[in-house]
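Structural characterization, general
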Amino acid sequence: PFPKRKGTPARLYAAPQGWVRVGLRVDPILAKRHRVWEDWNVCYHGTRKELVAKIVESRMLLLPGDQNFSGKLVSADEYYPSFIDLRDRYVIVPNSHGPDLIDKHSSSNPYHSTSAGAQELRWEKFFVTSPSIVYTSKYLAKTFTWRNRRAQVVMQGRQCPHTLRVMAYKSLMEVPTIDKNFSNSELNWFSNAYGSIILTGILFRFLE
């Protein structure tokens, strides 16, 4: 993928290559009123093929615990990176040198205490997106088999820049660069605002 910048403030995103894209209609009145095409940043959201129709039907992402049109509750394991174990407790650790860090809680770590400013990460409170299609496909999109071939599907969208919060998984700070266009600290966007992500397309690819 090659990098581009979109939005106000402009943020880098990696344009998808090797993916088939199906565009989704965006309400032109809504887009004009909120300057979606001019000011909002491009983002990606990994998902499972079973959820695509429900996401498109509702035209919005749902948080864990939300109920979709079929009456099914969205589970957290449909939402978060494959390297996260939801049985563990995670905390948001303030970081004065960059994005706040997400780390597995340890009672022996003084930076994980509330007195140090750490907060428990409540998974059900955040939409999770990324500016990187490479990271999204590797850790957020679920692989499935279709016509005897492995495939993936990813939602593409525009995200309101004033509602997103960049946070970095501490474990990713200790591995090689995942996407050459970004540092590993820039790969995860969090937002707790409904309506702050407008879906603009469905991306599909075969892995072979």
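Read on for a plain summary of the structure. (Residues numbered from 1 in each chain as written. Predicted model: local features only at pLDDT ≥ 70, side-chain atom pairs only at ≥ 80, totals over all residues. Heavy atoms only, no water.)

A few words now on the nonpolar core. Grouped together as the largest cluster of nonpolar side chains are 29 residues, with contacts concentrated most on Tyr135 and Tyr169. Elements with a contribution of two residues or more to this core: strand S2 (11–15), strand S4 (41–46), strand S5 (90–93), helix H4 (133–140) and strand S11 (165–169). The biggest single contributor to this core is H4, with 4 residues. For Tyr135, the residues in contact, after removing those within four places along its chain, are Pro81, Phe83, Ser130, Leu140, Tyr169, Leu172, Ile178, Leu187 and Asn188. (Core = buried A, V, L, I, M, F, W, Y, C linked by side-chain atoms within 4.5 Å. Buried < 20%, exposed > 50% of the residue type's maximum accessible area, 1.4 Å probe, protein only. Helix = DSSP H or I, 4+ residues; strand = E, 2+ residues; numbered from the N terminus. Contact = heavy atoms within 4.5 Å.)

Right, let's get into the side chain of Arg158. The topology assignment puts Arg158 in strand S10 (residues 149–159). No salt bridge forms around the buried Arg158; measuring N to O, its nearest opposite-charge neighbour Glu38 is 7.3 Å away. Within the structure, Arg158 has its side chain in polar contact with the backbone oxygen of Trp40 (distance 3.2 Å). Look past the residues within four positions of Arg158 in its chain and what remains in contact with it is Lys6, Val36, Trp37, Trp40, Asn41, Val42, Cys43, Ser196, Ile197, Ile198 and Thr200. (Lys, Arg positive; Asp, Glu negative; His and termini not counted. Salt bridge = Lys/Arg side-chain N within 4 Å of Asp/Glu carboxyl O. Polar contact = N/O pair within 3.5 Å; in protein donor to acceptor, adjacent residues only side chain to side chain.)

So, about H4. Of all 8 residues that make up H4, 6 are buried, and the element is covered over most of its length. Considered for burial, the residues of H4 that qualify are Ile133, Tyr135, Thr136, Ser137, Tyr139 and Leu140. As for H4, its buried residues are in contact with S2, S4, S10, S11 and strand S13 (197–206). Sitting at the head of H4, Ser132 places a side-chain oxygen 3.3 Å from the backbone nitrogen of Val134.

What follows concerns the pattern of salt bridges. For the structure shown, the criterion picks out 6 salt bridges. Here Arg165 ties to Asp100 by a salt bridge, and the two come within 2.9 Å at their closest N and O atoms. Taken together, the positions of Arg165 in strand S11 and Asp100 in strand S6 (residues 100–104) put the pair 65 residues apart, joining distant regions of the chain. Asp100 sits in the partly exposed class, given a relative accessible area of 21%.

On to the environment of Ala31, then. Turning to its location among the elements, Ala31 is positioned in helix H1 (residues 28–34). Accessibility expressed as a relative area gives 3% for Ala31, which makes it buried. Taking the C-alpha atoms as reference points, Ala31 and Ile202, separated by 171 residues in sequence, lie 18 Å from one another.

What follows is about the pairing of S6. Looking at chain direction, S5 and S6 are connected through 4 bridges and run antiparallel. Bridge pairing in S6 places Ile92 opposite Ile102. Following S5, the chain reverses through 6 residues before pairing antiparallel with S6. Relative to S11, S6 runs parallel, the two being bridged by 3 bridges. Bridged to Leu101 within S11 is Ala168. (Pairing = 2+ DSSP bridges.)

What follows concerns unusual backbone geometry. Leaving glycine aside, a negative phi is the common case for residues, and trans is the common case for peptide bonds. Across the junction of Thr8 and Pro9, the peptide omega takes the value 0°, indicating a cis bond. Locating Pro9 in the fold gives a position in the loop between strand S1 (2–6) and S2. Even without glycine at this site, Arg35 takes up a positive phi of about 50°. Judged by relative accessible area, Arg35 falls into the partly exposed class, the value being 42%. Phi at Arg147 takes a positive value of approximately 55°, unusual for a residue other than glycine.

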